[in-house]
Amino acid sequence: MESYKVLVTRKLPGPWIDSLKEIAEVEVWDGSESPPRTWIMSRIKDKDGVLVTLSERIDKEIIDVSSKLKVISTYSVGFDHIDVHYAKSKGIKVTYTPEVLTDATADLIFGLIITVARRIVEGDNLIRSGKWNVPWNPEFMLGKEVSHSVLGIIGMGRIGRAVLKRAKGFDMNVIYYSRRPHDVEAKFVDLDTLLANSDFVVITVDLNSETYHFIDYAKISKMKRTAFIINASRGAVIKQDDLVRALSEGKIAGAALDVFEQEPLPQTNPLTKFPNVVLTPHLGSATRETREKMAMIAVTNLVKCLKGESPLYEVK
Ligand code: DGY
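Everything numeric here is computed off the predicted structure, so don't read it as measured data.

Topic: the sheet that holds strand 5 (residues 93-95)
- Reading across the sheet, the five strands line up as 2-1-3-4-5 and stay open at both edges, with parallel pairing between neighbours. Both edges of this open sheet fall to strand 2 (24-28) and strand 5, since each of them pairs with a single strand only. Ignoring strand direction, the axes of neighbouring strands in this sheet form an average angle of 15°.
- In this sheet, strand 2 lies alongside strand 1 (residues 4-8) in parallel orientation, the contact comprising five bridges. Directly across from V6, in strand 2, lies its bridge partner V26.

Remarks on unusual backbone geometry
- The omega torsion of the bond from E263 to P264 falls at -5°, within 30 degrees of zero and hence cis.
- Take P264: it is sitting in the loop between strand 11 (254-257) and strand 12 (277-279).
- With a phi close to 50°, M141 is a non-glycine residue in the positive phi region.
- Within the secondary structure, M141 sits in the loop between helix 6 (120-128) and strand 6 (150-154).
- Of note in this structure, H213 is not a glycine but carries a positive phi near 55°.
- Inspection of the secondary structure puts H213 in the loop between strand 9 (200-203) and helix 9 (217-220).
- On the neighbour-count criterion, H213 (15 C-beta atoms within 10 Å) is partly exposed.

Comments concerning the sheet that holds strand 7 (residues 173-177)
- Taken together, the seven strands give an open sheet; going across it, the order is 8-7-6-9-10-11-12, and neighbouring strands pair in parallel fashion. Each of the sheet's edge strands pairs with one partner strand only, and the pair in question is strand 8 (187-188) and strand 12.
- Bridging between strand 6 and strand 9 involves four bridges; their strand directions are parallel. Residue pairing for strand 9: I154 is matched across the bridge by I203.
- Helix 5 (residues 102-117) rests against strand 9, strand 10 (228-231), strand 11 and strand 12 of the sheet, and its axis sits at about 150° to strand 11.

Parameters and conventions
Residues numbered from 1 in each chain as written. Predicted model: local features only at pLDDT ≥ 70, side-chain atom pairs only at ≥ 80, totals over all residues. Pairing = 2+ DSSP bridges. Helix = DSSP H or I, 4+ residues; strand = E, 2+ residues; numbered from the N terminus. Axes fitted to C-alpha atoms, helices over the stretch in contact; angles between N-to-C directions. Buried ≥ 20, exposed ≤ 12 C-beta atoms within 10 Å, placed from the backbone. Contact = placed C-beta atoms within 7 Å.

In structure tokens, the structure reads:
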């Protein structure tokens, strides 16, 4: 039996790393945080494959250290942390884990929409801090109704479609902006129309050179003052300082964010000061079921490439 050498930068849920050990010599980083870059650099040299997460930057420098690498398998749907172009130019395949995390991510996005619109975190904080001192009253903590409102989805890939499906259950009027129209039950509009008409703007595009800082102050200023922005794709799709400025000036009603330009987001970041901003720590795919499926796909992709077979999902 051919023996492969594999580097894995994090322990993964489920039995998949153990099954990988049956066909390969596997070196796994034991920590719960990313390994130091030097750890990857020193160990990748003689490896045939590497399995990474979105927290490890796999750039030209790392790729150049490895002389035998056939595959970079990322345990994520996003691949902005990998220099895909360079890897491919060296004949290295890059694989990823789409589809299995679509529902979990769309669920979280819907949770964020409802949480920010209905002020759920504010209400929870009010009770915990002992400040709920007025009985029920008609004007108390009013929010924005989600049902029947206008949802604007930026990007209509797998996650955009899954958000659309959920929105239908809420009788929302859905409009979307994307590079091209799709065969979906929602109206394709230009970006300005989407920004000007949506009660909720949801970002579902991936991060690349075209979408980096795609949403800036000028674009946020085109939104309704009563509208909310929701992002669970990548932090850098929104120019975060511009969002802070727009929130300070009351240009929009609030934001719900699962992703940030800098992760972990420091507690001192101005975003943490707004009561109308809901923050979650990059939890889009964070269900046990989804994370185990991601592990299965990431390991299968890796093994298939090592064996010279087509992976389940290759970054094209
Ligand atoms: C991804 O996979 O890219 C998500 O951001 C985390 O699962």
